[in-house]
Structure formats: structure tokens, C-alpha cells
Amino acid sequence: MYTSRPIDSSASSPRIQLQCKGPNGSGPEWVPLKQDWSERWCTLPDRFTEDYAIRIHDFETRDSDVFVVTFMKAGTTWMQELAWLLLNKMDYETAKSSYAMHRSVFLEESAVNPAVPDSISLCNKMKGNPRLIKSHLPAQLLPPQLWKQGRKIIYMARNPKDIVVSQYHFLTGFGFWQGSLDEFVDDFVADKVSFTSYWAHVIDFYRMRDEENIFFVTYEEMSRNLGDVIKRLSLFLGCKELSENEMDKLINHLSFKNMKESKFGNPTGLMKTYRKIGDDFQFMRRGIVGSFKDELSSEGKEKIDQLTYTFLKEYGLTESDIFGEV
Ligand code: A3P
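Within each chain, residues carry numbers counting from 1 in the order of the written sequence. For this predicted model, a pLDDT threshold of at least 70 governs which residues receive local features, and a threshold of 80 or more governs which side-chain atom pairs are given and counted, while totals over whole chains, interfaces and linings are taken from all residues. Values shown for side chains rest on all heavy atoms present in the structure; no hydrogens or waters enter the calculation.

1. Some thoughts on the overall build of the protein chain
In DSSP terms, a helix is any run of H or I states spanning at least four residues, a strand is any run of E spanning at least two, and both are numbered starting from the N terminus. Of the regular secondary structure elements, the protein chain holds 17 helices and seven strands. Compactness check: the protein chain gives a C-alpha radius of gyration of 19 Å against a globular reference of 20 Å for 326 residues, within 12% of the reference. Taking the principal axes of its C-alpha atoms as reference, the protein chain extends roughly 50 × 45 × 40 Å. Buried means the residue's accessible area, taken with a 1.4 Å probe over protein chains only, is under 20% of the maximum for its type, while exposed means over 50%, and partly exposed covers the values in between. By the burial criterion, 55% of the 326 residues in the protein chain qualify as buried. Contacts between residues were defined by any pair of non-hydrogen atoms, one from each residue, lying within 4.5 Å. Considering only contacts within the protein chain whose residues lie at least 6 apart along the sequence, 73% involve residues at least 24 apart. Looking at the protein chain as shown, the accessible area adds up to about 14500 Å², and 48% of this sits on carbon and sulfur atoms. Computing the positive centroid from 41 side-chain charges and the negative centroid from 46, the protein chain places the two 4 Å apart. Taken over C-alpha atoms, the radius of gyration is set against a globule rule of 2.2 Å times the number of residues to the power 0.38. Each accessible area is a Shrake-Rupley result for a 1.4 Å probe, and residues are judged covered by the shown protein chains and nothing else. None of His or the chain ends enter the tally, which takes Lys and Arg as positive and Asp and Glu as negative. By convention, the charge on Lys lies at NZ, on Arg at CZ, on Asp at CG and on Glu at CD.

2. Some thoughts on the sheet that holds strand 5 (residues 132-135)
Spatially, the four strands line up as an open sheet ordered 5-4-6-7, and their pairing is parallel. The sheet terminates laterally at strand 5 and strand 7 (214-218), the two strands that pair on one side only. Pairs of neighbouring strands in the sheet enclose a mean axial angle of 20°, with direction left out of account. The pairing criterion for strands is at least two bridges between them, as found by DSSP. Bridge analysis of strand 6 (residues 152-157) against strand 7 gives five bridges, and the strand direction is parallel. Bridge pairing links I154 to F215 in strand 7. Strands in contact with helix 10 (residues 198-207) are strand 4 (66-70), strand 6 and strand 7; relative to strand 6, the strand with the most contacts, it is inclined by about 130°. Along the sheet face, helix 12 (residues 226-236) touches strand 6 and strand 7 and points at about 165° away from the line of strand 7. Fitting a line to C-alpha atoms yields each axis, with helices limited to the stretch in contact; the angle taken between N-to-C directions then spans 0 to 180 degrees.

3. Regarding the pattern of salt bridges
Between side chains of opposite charge, a pair can form as their charged atoms come close. A pair is scored as a salt bridge if a Lys or Arg side-chain nitrogen falls within 4 Å of a carboxyl oxygen belonging to Asp or Glu. Taken as a whole and assessed by the stated rule, the structure comprises 16 salt bridges. The salt bridge involving K303 is made with D186; its shortest N-O contact spans 2.9 Å. One end of the pair, K303, is in helix 16 (residues 298-313); the other, D186, is in helix 9 (residues 181-189), and 117 residues separate them in sequence. The class of K303 is partly exposed, set by a relative accessible area of 38%. Residue classification places D186 among the partly exposed residues on the basis of a relative accessible area of 33%. In this structure, R207 and D204 form a salt bridge, with 3.6 Å as the shortest nitrogen-oxygen distance. Of the two residues, R207 and D204 both sit in helix 10, three residues apart, roughly one turn of that helix. Take R207: its relative accessible area is 31%, and that puts it in the partly exposed class.

4. A short note on the packing of helix 9 against helix 16
When two helices pack together, their arrangement is given by the angle between their axes and by how far apart the axes lie. Taken N-terminus to C-terminus, the directions of helix 9 and helix 16 make an angle of 10°; their axes are 10 Å apart at the nearest point. Considered as vectors, helix 9 and helix 16 are oriented roughly parallel to each other. Contact residues: helix 9 offers D182, V185, D186, F188 and V189, while helix 16 offers G300, K303, I304 and L307. For classification purposes, angles smaller than 35 degrees are called roughly parallel, those larger than 145 roughly antiparallel, those between 65 and 115 roughly perpendicular, and all remaining angles oblique.

5. Digging into the site of the ligand
Surrounding the ligand, one finds 18 residues, the nearest of these being T76, T77, S166, Y219 and R286. A distance of 2.7 Å separates an oxygen atom of the ligand from a polar side-chain atom of S166. Notes on the ligand: free accessible area 560 Å², of which the protein chains cover 97%. Element by element, the count of residues in the shell around the ligand is highest for helix 2 (residues 76-87), at three residues. Considered class by class, the residues forming the shell around the ligand number eight nonpolar, six polar and four charged. Nearness is defined per residue: one heavy atom within 4 Å of the molecule or strand is enough. Pairs of N or O atoms are called polar contacts if they sit within 3.5 Å, as long as, within protein, a hydrogen donor faces a hydrogen acceptor (for residues adjacent in sequence, only side-chain-to-side-chain pairs). In this classification, the charged set is Asp, Glu, Lys and Arg, the nonpolar set is Ala, Val, Leu, Ile, Met, Phe, Trp, Tyr, Cys and Pro, and all remaining amino acids, among them Gly, are polar.

6. Details of the nonpolar core
We call a set of buried residues a nonpolar core when its members are Ala, Val, Leu, Ile, Met, Phe, Trp, Tyr or Cys and they connect through side-chain atoms within 4.5 Å of each other. Counting residues in each nonpolar core, the largest one holds 108 residues, and the members touching the most others are M79, W147, I154, F205, L233 and L250. Per-element accounting of this core gives the leading share, eight residues, to helix 2. In this structure, L250 is in contact with L82, L85, L86, M90, Y92, I230 and L242, ignoring residues within four places of it in sequence.

Okay, structure coming up:
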């Protein structure tokens, strides 16, 4: 049901591309999207074997599960903190004394980060109710039960140029990337970076954004009007309406400054326990929309804009239809 092929990439560890052919060979019929799935290959570390894909395929979900699905560096941790608090009756005591990454497990992390134990088993054993599970997998590689059982999915997207810059700093800090930012852009637009194709990842969820079990939101919307996103998400999750005071407190808790300064809101310390990373590594880096503007070269911007234009024209969309002006 899953087919992989090796690819050349400049990343420090080998990459493969994985496709889901589905039981009839015509793709994952459980995803509510009709398209030619033979075009959908996802680039992953080679630890993500076909057997690993089958383990994810067989993952048992629970009625109350909520999934946070994103492309890497789209603001996942920010959303995990928000969704976890809403789902756990604003339990700030626990939120301020434990990492979001521990309260909300990353389903396929053991295929991405050799330093962590079997993350699929960790999710199976998670006691929290509801479980908030994170994944960077595209629609076709997520466990079919999400679709068959209509599990709630929060999909968070972020514009590709800021993703590239954020990912470059993150992977460089971890020693997973040794080249320049321009070289990273080349790998990104050639779908050689983990979880690419970026646009296939985003557009499939964008097109499913009206499904009852999908909450589609962008980092840009969160940055522009966090209060509005909180209200809409709270409704989607079936949580009680927040009072004005509760809302102010939550917005303050989720601010970049507050999360960066808080021991558990900022996972930099936790990440330094995974492997030896430089003292200047900062997970909470800039936290803005448009950091690409003073970091990407004009060639880099052009290459990503070209990728965007080519991919989106097939759908009659532009980047600003999804993210607004960035
Ligand atoms: P930058 O590198 O652009 O600063 P993820 O959690 O998916 O890995 O995403 C990390 C990105 O989200 C980083 O982007 C990080 O700074 C940003 N981020 C995390 N918490 C945030 C917050 N409270 N407000 C704004 N951005 C936040």
C-alpha cells in the first residue's frame, strides 16, 4: 500500500519519498479529496520506512482525539499550547510546569529524530483525555481512522518563505543542515526537504477546509488577530465561551514574549537535551510574519514565488488568497 523511492538531497541524513497507493492502487480513498494521488510523494528521512508507514496506518484513534497537523515550522508549538489549554479547561498550572511537546505527543517523531523513543507507542499509551496529537504528515499519510472516524483536525499553515527561513535556522542549529540558506531554498523547491512537497501539504487541507472535522487556520491569522482565532477554535473544539478576562489572560499567555521567556513555554532547553546544539540556538527565534524579507536573498524569494505560482495556478489561487498579504 506504501511505496518508497530514494532521493538525492543535501541534508545530513538520507531521504526517501513515500507514496500511498491505497488498497486499490488509486490512492487513499479515505481522504475526502478526489485527485490523482500518484502525484503526491512526500519526502521523509529514510527512517520512515514502508513498515513505519503501516504502523501509522494502523494507529488506533479515540473518539475524543484532536490532531494538530502542520508543515514543519508553521507555528505548531504555538497552536499546541493554545489547543491544549482550551481542551484542558485552561489548566495554566500544568501548562506552566510542563512542555507542550510532552503534553501533546508528536506521532511520527521517532522517524524524524533518532534521539527520541518510539513515538507511536508513546501516543498509544497517552493517558490525557482528550489526547492532542501532533503530526507533520500530509493528508494521505495520516492514519486513515482520522478520516473514517471524522476525528478533529486543526491544520495550521504558514507562508512558504517564512517557513523556509525558520526551518533553515532550526535544522542548522540541530546540525541537520550544513549548507547556506540559498542552498536550502534549492532543496526546498526541489521537494528534497522533509515533509515536502510544501504546497501539496497545504493545498490538500486548504481544499478540505470546509469539512466538518477540519479547522484550517494560518500563522498569519494568529499573528493578526489571535482573539478571533481563539473564539473560532474554541467553538470548533466544543469548549465553553471564554469571558473577557479569560480571553485577555490566554492572549497574554500565548504572546511570543511570554512563551519565549517561560521555561516550559519555550522548548529550547528541552531540545538541548536531545543532542549537542550550539548555545546560540533559539527555538523561539523571531515569531513574526515576514522574517523572510530581511533574511532571504532576492533569488531565494524568486525561486519560492515561482514554485508558489506554478503550483497554485492549477487551483486558480494565489498565495494571498490563503495567507493575506505577507
Ligand atoms: P520563527 O523561526 O520564524 O521565529 P513550530 O512550532 O512549528 O516548530 O514553529 C516554530 C515557529 O513558530 C518559530 O518561528 C517560532 O518563533 C514561532 N512561534 C512559536 N511560538 C510563537 C508565539 N507565541 N508567537 C509567534 N510565533 C511563535
